[in-house]
Amino acid sequence: MAGGGFAQTGVVKDYAGKVTLLLVFTCIVAATGGLIFGYDVGMTGGVTSMDPFLKRFFPSVYRKMQQDKNQNQYCKFDSQLLTAFISSFYVAGLIASFFASTVTRVFGRKMSMLFGGLISLVGAAVSGAAKDVAMLIIGRILLGVGVGFANQSIPVYLSEMAPPKIRGALNTSFQLFLTIGILVANLVNYGTNKIKAGWGWRVSLALAAVPAVIMTVGSVFLPDTPNSLVERGHHEKAKRMLQCIRGTTNVEEEYQDLLHASEASKQVKRPWANILKRKYRPQSVMAVAIPFFLQLTGINVIMFYAPLLFKTIGFGSNASLVSAAITGGVNVVATLVSICSVDKYGRRFLFLVGGIQMFICQVIIGIILGDKFGLSGKGTLSNSEADLVVFFICLYVSAFAWSWGPLGWLVPSEIFPLEIRSAGQSINVSVSLFFLIAITQAVLSMLCHFKFGLFFFFAGWILIMTAFIFFLLPETKNIPIEEMTLVWREHWFWKRILLPADDGEGNTGSGKGSSLLTVDR
């Protein structure tokens, strides 16, 4: 098949070792960093649907919300100040991710996680104590800096610690904790919205400190990855760590591959400049395209604005929060499906099937809303129609949660050679956050102007990204992370881009040509 097929055959290195308790523990502790990002995603949509919060900080939005059903339902929450409050978090994360690249490379992955946790803790305190919009945004910026550092370092940490055969499952645990954070935030919002004194939103904002404390304390006890230790010259310490996490002293083959990767990385003095070279073109394209497409799946319309969206189409305040909690639960369960299947069926299979399911759901939701609200935005949904919308939103969320959600973090974190890995992950995070900012800033206005067509807009992009994966992404399951450069030379398209002269230069595999892959094309 031109796209690369679903299967991967041929000889792949099988390093010695087993799955140890130390490995599982360290990966779970690191993955809890996803709670911060997830909690913010779920919390933000919830508090912005709470009447006391809107009355205090966004009174114009609150007045629109109180208008009768004859008003345009699509435009109730169209406020640039409201979206600025939400997107300030991601602007800060975008900028922080570039600084996080240097910290991650020079001081190690765990130092980035520790710094991110501390900054997030301060941001949660400022947000919970906010007295005006400016203070709210300052808190959001601090939280965003913390998430920028966490998102830059954690996926790389997980991919480097994990053995090839279960790298997908362990890396996907980051997305699992992200979805748990969303679910917890939805449940917290439901509870705090019932506080009659009207200060429940403060509790929701301040409780972001809990995942921040978990990541801060956890990162203190985490070991650094063997890859990072080798990169910083601690060779013997790296070998001992490799023996500990693999549960065997027979790690010489994997250790030698790390040393060869480190030697190659030392030849690259300017990773940000070198990443633009032709020999890194496939990885660079993926580091931009995957996070770009990730934000155009439309998931943020659902996850950030779920309570607002449900209120827009006729749910009450409590009902909208309950519906958001339901989608959050679906998100968690479907992510578990991805953990169990990603190393068995491969990345491409989940990408493609998930894309088809998301496309169908977006089209159906757009048809239902178009039929009931039309272009005027005036109308209501019956209980059965509202339930049908929630059902297809849940189907959509489940498809995202076992495909693009975890794989959007997994694939970019595992494809870069060591010498440009930190820079590559920073590009991945920054592109993701850049388009996340654009989407969050524009989506309420887009809902107002595109109306039900917004769902067809995202459906069209899902079709494009599914075709992109089919034709241009090779399968990466079970491939040792330091041997990943070889898969691009076996791919029907990328082998035409890469030059033969690049085989020796920048190939961070073993350098022996011993790990040739045969990918079913």
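Above this note sits the structure.
Fair warning: this is a prediction, and the values are worked out from it, not measured in the lab.

S.K.: Sorry if this is basic, but what is going on with helix α20 (residues 383-401) here?
M.R.: Since the α-helix turns once every 3.6 residues, residues separated by three or four places project in the same direction. For α20, built from 19 residues, the straight-helix expectation of 27 Å at 1.5 Å per residue is met to within 8% by its first-to-last C-alpha distance of 27 Å. Of the residues making up α20, those classed as buried are A386, V389, V390, F392, I393, C394, Y396, V397, S398, A399, F400 and A401.

S.K.: How do you make sense of the side chain of N186 when you look at a structure like this?
M.R.: Inspection of the secondary structure puts N186 in helix α8 (residues 167-192). Overall, N186 belongs to the buried group, its relative accessible area being 4%. Not counting the four nearest positions on each side in its chain, N186 is found in contact with G42, A324, A325 and G328.

S.K.: What am I meant to see in the packing of helix α7 (residues 133-161) against helix α21 (residues 404-415) here?
M.R.: Angle between the axes and distance between the axes are the two parameters that describe a pair of packed helices. Two numbers describe how α7 lies on α21: the axes approach to 9 Å, and their chain directions differ by 70°. Between α7 and α21, the interaxial angle falls into the category roughly perpendicular. Crossing handedness for the pair α7 and α21: right-handed. Note on element contacts: α21 touches α7 through W409, L410, S413 and E414, opposite N151, P155, V156 and S159. Class assignment for the residues of the contact of α7 with α21 results in 4 nonpolar, 3 polar and 1 charged.

S.K.: I'm lost on the pattern of salt bridges in this one. Help?
M.R.: Opposite charge on two side chains lets them pair, provided their charged atoms get close. Summed over all chains, the structure comprises 10 salt bridges. The residue D40 makes a salt bridge to R140 at a minimum N-O spacing of 2.5 Å. Placement of D40 in helix α2 (residues 34-47) and of R140 in helix α7 is noted, with a sequence separation of 100 residues between them. Of the two residues, D40 and R140, neither departs from the other in class, the shared state being buried. The salt bridge involving E160 is made with R109; its shortest N-O contact spans 2.7 Å. One end of the pair, E160, is in helix α7; the other, R109, is in helix α6 (residues 109-128), with 51 residues separating them in the sequence. Note on accessibility: E160 and R109 belong to one class, buried.

Cut-offs used in this document
- Residues numbered from 1 in each chain as written.
- Predicted model: local features only at pLDDT ≥ 70, side-chain atom pairs only at ≥ 80, totals over all residues.
- Heavy atoms only, no water.
- Helix = DSSP H or I, 4+ residues; strand = E, 2+ residues; numbered from the N terminus.
- Expected span 1.5 Å × (residues − 1).
- Buried < 20%, exposed > 50% of the residue type's maximum accessible area, 1.4 Å probe, protein only.
- Contact = heavy atoms within 4.5 Å.
- Axes fitted to C-alpha atoms, helices over the stretch in contact; angles between N-to-C directions.
- Parallel < 35°, antiparallel > 145°, perpendicular 65-115°, else oblique.
- Left-handed = near helix turned anticlockwise from the far one by under 90°.
- Nonpolar A, V, L, I, M, F, W, Y, C, P; charged D, E, K, R; others polar.
- Salt bridge = Lys/Arg side-chain N within 4 Å of Asp/Glu carboxyl O.

Note that all results are geometric; they support no functional claim without further evidence.
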